[in-house]
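Below, each chain spelled out in residue letters.
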Amino acid sequence: MGIFMFLVFVSSQSFDSEGRLEILTQSAVCVEKPAPKVSCVWQGRYQFQRPMSNTTTEYSILLAGFRGNPQFELNGELLQFTHPHQLDQNFKTGAPIQVRIPQSSLSTLNVLNVSIASNAIMGPHPGDLMVLETSKAEVVSAKLTTMATDVVDLANGLLFGLALLAIFMAFVSSQSTVYVIFSISAISIVAASGFRSLIEVGSDSTITVFNYLLTVSGSLLGPLILSAWRIKISPWFWSISAFIPMTIYVLIFTIDDQNAVYIATIVAWLANITLAGYALLRLLLYRLPISPLGRFWLSLVVGPALYIGWILTAGQAQDQTHAPLDNSVYLCIIIFMSGLLGFRFILDFVDLSTHEQALSVAVRETKTDVIKQQLIIQKQQVMIAAEKERNRIMAGLHDGTAGFLLGITAVAKQRSNDPAVSKILGLATDGLNDLRLTVDSLEETAASLQGCLNLFRSRVESLLEYSSLTLVWIEEPHEKDLLLDPNTALNLTRILQEIINNAMRHSDGDQIRVEISYSDKTASKIQISDNGINAPTNVDAVSHAGIRNMRHRAEMIGGALTFGITSSGGMKVTLEFTCQSENLIDTHQP
């Protein structure tokens, strides 16, 4: 930005009014040629006096801010000069011309005739004509030449580089409208400004084509402003912006009347400035309660005012002449367009950074989900492997160990009168019941708390069927069931079985009561009591292997075991345990 400000400062420096000549007469004539060829000649007559006090000083004619190919005739003598740069510029100020005046051509009162021919649509323009001392003219000419060539070429190169960057961004950005508009507009300006010098002077239609490209660039200025701020461009705005260059194209390449083309070009640029003014007003007044129609009518006032101000600032606008764009204004346009592209690039970069952060978060979340899914799959594979192993163990226990125990029981029943055989029969029966309990805990139906309790209830009921004890089973309804792993199911069943066995062996009552309740979704409470009368008063102080085993199993399933006395004097054992919430399942699911 500092370089740009320096360029604007340098471009704003121009020669002062010393030595500037006043025009006496002027006229402009256009030769009718087939479209799109244009040929106009401006002629002007100047008069100046040579200072009598300084007859030996050399003087030079300095012409700047003109458009066209000039010729100079001083006091009837044609002045010769050479110029290394392209003279007939399209729309901006070209390099100045310095013509040394021979001493023999000067007199006290001098008449200077200047003719400027141009192939541009806007016609020739005389610019500023001065007669200065040669030394001073060389300084001013060098400064203006640098501004008109080197600095402008640097700006054109920068604009062309930004156009290439915009083309690249148009392919990679999700919102490419602003980059497409900028690239078309920038290339059109560079073509009209910089490529003219690469084409031969004799090409009559070249400048006309470049002027059309300049009109295209101007018509895109309004959409460029809006799209840079991510404002949606209305269809009517696009229609007018596209209609302007299309109309100029038809007029340039079909109509031979230079005046009509000239007027149409002026109207087109007025429309371009109006559209750009509307876009700026929409940005500046977006918080004010002004409707889009109100902004449009306001721009119809602001646009022509800016255009007229430009004409008055640039210089003459009569006799079919229109001042070329001053290099400082041209650089300001490039700075403005570059600023729009830079602003939008920053917005897109911020969006890209935000999207990159969101993508990083999404990748991390996805990676976490993948890891969770892998853990679930691994857990399922382990469960499948465990299920297969459990089935193999169950089959082995059922077909092997259970068969042997059943054989022992059958043989022992034949000699049940023998006390020793009777004892063997009891041990075999207990072993068979314990084996059944183990097999039940390994079955799939015992994989949940409800299934485990149902299996345990059926075993207890069959066990108490031939005893004097009755079973009272009370369970409150519960909408959620709890998944149990085989170890938890086995430990829970062992605890409950040991409590039932103790009641059958030591209680002198006739009833065993099982109460099951749930304090919340994951906490369960199982209380088993009998109506006996001789239960020990301090069970916690009893160091019995069965009680120690039950406490240890309760700790293994994350629970606690407490002992108490019923009102009748019987034993009351309470088991409380909690399962993890992810093991909850809905019992109402089909």
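Structure's up top.
Residues numbered from 1 in each chain as written. Predicted model: local features only at pLDDT ≥ 70, side-chain atom pairs only at ≥ 80, totals over all residues. Heavy atoms only, no water.

Engineer: Help me understand the nonpolar core in this model?
Structural biologist: Generally speaking, a soluble globular protein has its nonpolar side chains buried in company with each other. Ranked by size, the top nonpolar core spans 46 residues in total, and within it Leu 159, Phe 182 and Leu 224 carry the most contacts. Residue assignment for this core shows that the elements contributing at least two residues are helix H2 (134–172), helix H3 (177–193), helix H4 (206–219), helix H5 (221–228), helix H6 (235–254), helix H7 (258–284) and helix H9 (327–414). Of the residues forming this core, the biggest block, nine residues, is contributed by H2. Excluding anything up to four places from it in sequence, Leu 224 contacts Val 178, Ile 181, Phe 182, Met 337 and Leu 340. Residues Leu 449, Val 460, Leu 496 and Ile 528 belong to the second largest nonpolar core, which totals 35 residues. (Core = buried A, V, L, I, M, F, W, Y, C linked by side-chain atoms within 4.5 Å. Buried < 20%, exposed > 50% of the residue type's maximum accessible area, 1.4 Å probe, protein only. Helix = DSSP H or I, 4+ residues; strand = E, 2+ residues; numbered from the N terminus. Contact = heavy atoms within 4.5 Å.)

Engineer: Please explain the environment of Leu 62 as it appears in this structure.
Structural biologist: Structurally, Leu 62 is set in strand S3 (residues 59–64). In sequence terms Leu 62 and Glu 138 are 76 residues apart; their C-alpha atoms lie 9.0 Å from each other.

Engineer: Sorry if this is basic, but what is going on with the packing of H5 against H7 here?
Structural biologist: When two helices pack together, you describe them by how their axes are tilted relative to each other and by the distance separating the axes. At their nearest, the axes of H5 and H7 sit 7 Å apart, and the two run at 20° to each other. One element, H5, and the other, H7, form an angle in the roughly parallel class. For the pair H5 and H7, the crossing hand works out as left-handed. In this structure, H5 uses Leu 221, Gly 222, Ile 225 and Leu 226 to contact H7, whose residues at the interface are Leu 275, Ala 276, Ala 279, Leu 280, Arg 282 and Leu 283. Residue composition of the contact of H5 with H7, by class: eight nonpolar, one polar and one charged. (Axes fitted to C-alpha atoms, helices over the stretch in contact; angles between N-to-C directions. Parallel < 35°, antiparallel > 145°, perpendicular 65-115°, else oblique. Left-handed = near helix turned anticlockwise from the far one by under 90°. Nonpolar A, V, L, I, M, F, W, Y, C, P; charged D, E, K, R; others polar.)

Engineer: Is there a simple way to think about the sheet that holds strand S8 (residues 128–133) in this case?
Structural biologist: In a beta sheet, neighbouring strands pair by backbone hydrogen bonds and run either parallel or antiparallel. In spatial order, the strands read S6-S3-S8; together these three strands make up an open sheet with antiparallel pairing. Looking at strand neighbours, the two that pair on one side only are strand S6 (97–101) and S8, the edges of this open sheet. Neighbouring strand axes in the sheet, compared pairwise and without regard to direction, differ in orientation by 25° on average. Judged from the five bridges that link them, S3 and S6 form a sheet pairing that is antiparallel. The residue of S6 that forms the bridge with Ser 60 is Arg 100. (Pairing = 2+ DSSP bridges.)

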